[in-house]
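Structure assessment
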Amino acid sequence: TFRGADGARIVSDSALSSVLGVYDSTGVTFDNVAFARGKAAAEDPGAGSLYAESVQGLTVDRCSFEAGTTVAIELWECSGVRIKRAKVSGAYSGAVSASYCDDIEVSDSSVAGCEGYPLVYLEETNGVLFKSTKFADNVGGNFIEIYAEEVDAESIVFMGCSFSGNEFDYF
C-alpha cells in the first residue's frame, strides 16, 4: 500500500517513461497520491502516469493524475481493478487504457479537460463498469474505442455517469 499524506505527489522528470510502473503483483493499493511530471518533462510527454501489467487486485483510491501525461492510467493483463474517487485532468492521449484485462470498476471519479484519441480504450477487456463518474470538457476523435473479438463488449457498462461539455468526433 502506498498511502500519501495530504499533498503527497509522485513526480517524474522523465518524459519518456511512466511516472510509476507496477508489474507481476497482487493486492496493490495507491491511496491519496498525485501522479505528476516535472515542468520540463510535462511539456512534451511520451508516456503515461500509472502503468500496471499483470497485477491482480489493484486499487487506486483518492488519486489524481495531472496534466503532462499521455494516457493517465494504462492497464495490461490486470484483473480486479478498482479506481475510486480519482481525478484525471489534462491527459493528452486518453484517461484509461485497458488491454486483455478483466473486472475493472471506475467509480465516483472525474475525467476533465483531457484529449482522447480515444479517451477510453478497451481491447479484449471484459467486465468494465464506469459508475457515478463525471466526464467534462474532454475533446478528441473517439470517446471510447472497443476491440472485442474474444470478450463480450456488452459487459462494458456506464451507470449513473454524467457527460458535459465534451466534444468528440464520435461519442
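Here goes a summary of the coordinates provided.

What counts as what
The numbering scheme is per chain: residues are counted from 1 as the chain's sequence reads. Residues qualify for local features only when their pLDDT is at least 70, as the model is predicted, and side-chain atom pairs are given and counted only at 80 or more; totals for whole chains, interfaces and linings, by contrast, use all residues. Each side-chain value is worked out from all heavy atoms of the structure, with water and hydrogens disregarded. Counting from the N terminus, the helices are the DSSP runs of H or I reaching at least four residues and the strands are the DSSP runs of E reaching at least two. What counts as a salt bridge is simple: a side-chain nitrogen of Lys or Arg found within 4 Å of a carboxyl oxygen of Asp or Glu. Burial status follows relative accessibility: with a 1.4 Å probe on protein chains alone, a residue under 20% of its type maximum counts as buried, one over 50% as exposed, and anything between as partly exposed. The criterion used for residue contact is that any of the two residues' heavy atoms lie within 4.5 Å. By the convention used here, strands pair only if DSSP detects at least 2 bridges between them. Each Phe, Tyr or Trp ring (for Trp, its six-membered ring) is paired with any other whose centre lies within 6.5 Å, and the angle between the two planes then decides the class: stacked below 30 degrees, edge-to-face above 60, tilted in between.

**Regarding unusual backbone geometry**
Omega for the peptide link from Tyr117 to Pro118 comes to 15°, which places this bond in the cis form. Along the polypeptide, Pro118 turns up in the loop between strand E13 (115-116) and strand E14 (120-123). Notably, Asp103 is not glycine yet its phi reads approximately 65°, a positive angle. Mapped onto the fold, Asp103 is located in strand E11 (residues 102-107).

**Remarks on the pattern of salt bridges**
The tally for this structure, following the rule as stated, stands at five salt bridges. Across the pair Asp31 and Arg3 runs a salt bridge whose closest N-O atoms are separated by 3.0 Å. Of this pair, Asp31 sits in strand E3 (residues 20-31) while Arg3 sits in strand E1 (residues 2-3), and the two are 28 residues apart along the sequence. You can call Asp31 buried: its relative accessible area is 7%. What makes Arg3 exposed here is its relative accessible area of 59%. The salt bridge involving Arg9 is made with Glu66; its shortest N-O contact spans 2.9 Å.

**What about the environment of Val96?**
Looking at the secondary structure, you find Val96 in strand E10 (residues 96-99). Distance in space between the C-alpha atoms of Val96 and Gly48 is 9.9 Å, their sequence separation being 48 residues. When near neighbours in sequence (up to four residues on either side) are disregarded, Val96 contacts Val71, Ile73, Leu119, Val120 and Tyr121.

**Observations regarding the sheet that holds E13**
Strand order in the open sheet formed by three strands is E13-E17-E21, and the pairing between neighbours is parallel. In the strand order of this sheet, the two ends are held by E13 and strand E21 (167-170), each with one partner. Direction of pairing for E13 relative to strand E17 (residues 139-142): parallel, over a ladder of two bridges. Bridging from a neighbouring strand, Gly116 pairs with Gly140 of E17.

**Notes on the sheet that holds strand E16 (residues 134-136)**
Strand order in the open sheet made by the seven strands is E2-E4-E6-E9-E12-E16-E20, with parallel pairing throughout. Edge positions in the sheet fall to strand E2 (9-12) and strand E20 (162-164), since each of these pairs with one other strand and no more. For strand E12 (residues 110-112) and E16, the ladder comprises three bridges, and the chain directions are parallel. Counterpart to Val111 in the pairing with E16 is Phe135.

**Topic: the packing of aromatic side chains**
By the definition in use, this model includes 18 aromatic pairs. Taking 4.9 Å as the distance between ring centres and 15° as the angle between the ring planes, the aromatic pair formed by Phe2 and Phe30 counts as stacked. Of this pair, Phe2 sits in strand E1 while Phe30 sits in strand E3, and the two are 28 residues apart along the sequence. For Phe2, a relative accessible area of 44% corresponds to the partly exposed category. Ring plane angle 50° and centroid distance 5.7 Å describe the contact between Tyr23 and Tyr51, whose orientation is recorded as tilted. With Tyr23 in strand E3 and Tyr51 in strand E5 (residues 50-61), the pair connects residues that are 28 residues apart, well separated along the chain. In this structure Tyr23 comes out as partly exposed when scored by relative accessible area, which is 46%. Here Tyr51 falls in the buried class, since its relative accessible area comes to 17%. An aromatic cluster of three or more residues is present, and its members are Phe130, Phe135, Phe143, Phe158, Phe163, Phe168 and Phe171.

From the geometry alone we can't say anything about function, so treat these as descriptive.
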